[in-house]
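# Report on the structure
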Amino acid sequence: MFWVLFLLVAWAGVLTSCTLLLRAASHAAEPATDATAHHHDELNLYEAAYLAGGPARVADLTLLSMHRQRRLLLAHTGWATVVDPVGRDAHERSVLGAFGPDGQSPVPALRSAVAADDAVRALSERLGDAGLALPAGALLGLGDGVRAVRAATLLVLAMAAAALAVPTGGSTTAVVLPWFALPLLLGAGCLAIARFESHPYSRWASPAGQRLLRSLDREHGAGGSLTAVAVRGIRAVPDPGLRAALGCGNRGRIPRQRGH
C-alpha cells in the first residue's frame, strides 16, 4: 500500500492549486470599491481594445486606424511608413514617436513602443479606477493559479507513474489508476472552467467591463470595422495583407501593465 503515499501527494497538490485558482477568480470577480466613481455607459475604441486584448490590442488598433486614414502605410512585409507626422491623440503620438528619422519602422518595434507608452498606462489606470479592468494583482493571481493547477496536474501523472513503479502490495494496476484519475479530473476540470470563463473576452476586463464588451460587440462588432478589431483582434481584419502586416509582431511578448 506504499502507493497510497503517492496518491496523498497528488491530492495535496491538486487541492492546494485549485484553491489558489478559485480564490484568485473570486477576487477578480469582486467589483472594485471605487467603481461608482466613474460610470461608463459605453466604451470608446481604445478602452474596448484594452479590455479585450490589453496593451498589444491598443497598439494594433492605433496602427490600423492610422492606416485606414491614410496617415500611415502598413506593408505586408511588416514595415510601417509615416505619411502624416501629426498625431491626433496620445496613442497616435506614441506611434509617431517610435519611428526613426527616416519615417520607417518594423511593426513589432512600433507595437512594443505603443504598448509600453504612458498613454496606455494612463488608459489602464482610468479603466481600473472605473472598475472595468482587472487590477494588476488579480491578473497575476489568475495567471499564478492556472500555472499552479497545470503543475499539479502534471504532478498527478508523475505520482501515478511512481505508484506503478513500486510494489503495490497486491493491488493491481486496474485498482491503482482509478484513484489517480480522480485528482486528475479535478485539475483538468478547473483548467477547463478557467478557460471557459475567459472566452471569448480576455482576462483584462472585469465582469463589468466584459458586459460592456459584449454589448459593444453585439451592436457594432460586425464585419471588419475598427470596433470588431478592438474586440476580436486582428483576425477581424478582412484584408490578408493587413493581417500579415499586423501579425508580424504577434510572436513577440508585450510588456504587461503592472499597475492601474
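Summary of the structure given here. (Residues numbered from 1 in each chain as written. Predicted model: local features only at pLDDT ≥ 70, side-chain atom pairs only at ≥ 80, totals over all residues. Heavy atoms only, no water.)

Once that is clear, we can look at the overall build of the chain. Across its full length, the chain holds ten helices and three strands. Listed by position from the N terminus, the elements making up the chain come as α-α-β-β-α-β-α-α-α-α-α-α-α. Within the span of the chain, comprising 260 residues, buried residues form 43% of the whole. (Helix = DSSP H or I, 4+ residues; strand = E, 2+ residues; numbered from the N terminus. Buried < 20%, exposed > 50% of the residue type's maximum accessible area, 1.4 Å probe, protein only.)

Let's shift gears to the pattern of salt bridges. Tallying each qualifying case throughout the model produces six salt bridges. For the salt bridge of Arg71 with Glu92, the shortest nitrogen-to-oxygen distance reads 2.5 Å. One end of the pair, Arg71, is in the loop between α2 (45-68) and β1 (72-74); the other, Glu92, is in helix α3 (residues 90-97), and 21 residues separate them in sequence. Given the relative accessible area of 2%, Arg71 is considered buried. Overall, the relative accessible area of 3% leaves Glu92 in the buried class. Linking Arg121 and Asp118 is a salt bridge whose minimum nitrogen-to-oxygen distance equals 2.4 Å. (Salt bridge = Lys/Arg side-chain N within 4 Å of Asp/Glu carboxyl O.)

What follows concerns the side chain of Thr62. With respect to the helices, strands and loops of the structure, Thr62 is situated in helix α2. With relative accessibility at 0%, the residue Thr62 sits in the buried group. Sequence-distant contacts of Thr62, defined by excluding residues within four places in its chain, comprise Tyr46, His91, Glu92 and Val95. (Contact = heavy atoms within 4.5 Å.)

One key point about sheets: their strands pair by backbone hydrogen bonds, in either a parallel or an antiparallel sense. Read across the open sheet, the three strands follow the order β1-β2-β3; overall the sheet is antiparallel. The sheet is open, and its two borders are formed by β1 and β3 (104-106), each paired with just one other strand. Each strand of the sheet is rotated relative to its neighbour by a mean of 20°, with strand direction disregarded. (Pairing = 2+ DSSP bridges. Axes fitted to C-alpha atoms, helices over the stretch in contact; angles between N-to-C directions.)

Here we come to the nonpolar core. With 22 residues, the main nonpolar core has Leu43, Tyr50, Leu51, Val58, Leu127, Leu132 and Leu213 as its most contacted residues. Sorting the residues of this core by element identifies α2, α5 (118-129), α8 (207-220) and α9 (226-232) as the ones contributing at least two each. (Core = buried A, V, L, I, M, F, W, Y, C linked by side-chain atoms within 4.5 Å.)

A few words on the environment of Ala25. Residue position: Ala25 is located in helix α1 (residues 3-29). Sequence separation between Ala25 and Ala194 is 169 residues, and the spatial gap between their C-alpha atoms is 8.4 Å.

This model, assessed by the stated rule, comprises two aromatic pairs. Consider the rings of Trp3 and Phe180, whose centres lie 6.5 Å apart with planes at 50°: the pair is tilted. Separated by 177 residues along the polypeptide, Trp3 in helix α1 and Phe180 in helix α7 (residues 173-197) bring together distant segments of the chain. With respect to burial, Trp3 and Phe180 carry one shared label: buried. (Phe/Tyr/Trp six-rings, centres within 6.5 Å; stacked < 30°, edge-to-face > 60°.)

Turning our eyes to something else, we now look at helix α10 (residues 240-247). Buried within α10 we find Leu242, Ala245 and Leu246. The buried residues of α10 all sit within an arc of 90° when viewed along its axis, so they share a single face. On its buried face, α10 sits against α2, β1 and α4 (107-115). Capping the start of α10, Asp239 holds a side-chain oxygen 2.8 Å from the backbone nitrogen of Gly241, two or three residues further along. (Arc of directions from axis to C-beta. Polar contact = N/O pair within 3.5 Å; in protein donor to acceptor, adjacent residues only side chain to side chain.)

This next bit is on unusual backbone geometry. Positioned with a positive phi, Arg70 is a non-glycine residue whose angle comes to about 60°. In this structure, Arg70 sits in the loop between α2 and β1. The class of Arg70 is exposed, set by a relative accessible area of 68%.

Pairing of β1 with strand β2 (residues 79-82), which is carried by three bridges, proceeds in the antiparallel orientation. Counted as the bridge partner of Leu74 is Ala80 from β2. The turn joining β1 and β2, which pair antiparallel and follow one another in sequence, is formed by four residues; a positive phi near 95° is taken by Gly78. Two strands pair when backbone bridges link them, and β2 and β3 are joined in this way by three bridges, in the antiparallel orientation. Bridge pairing in β3 places Trp79 opposite Pro106.

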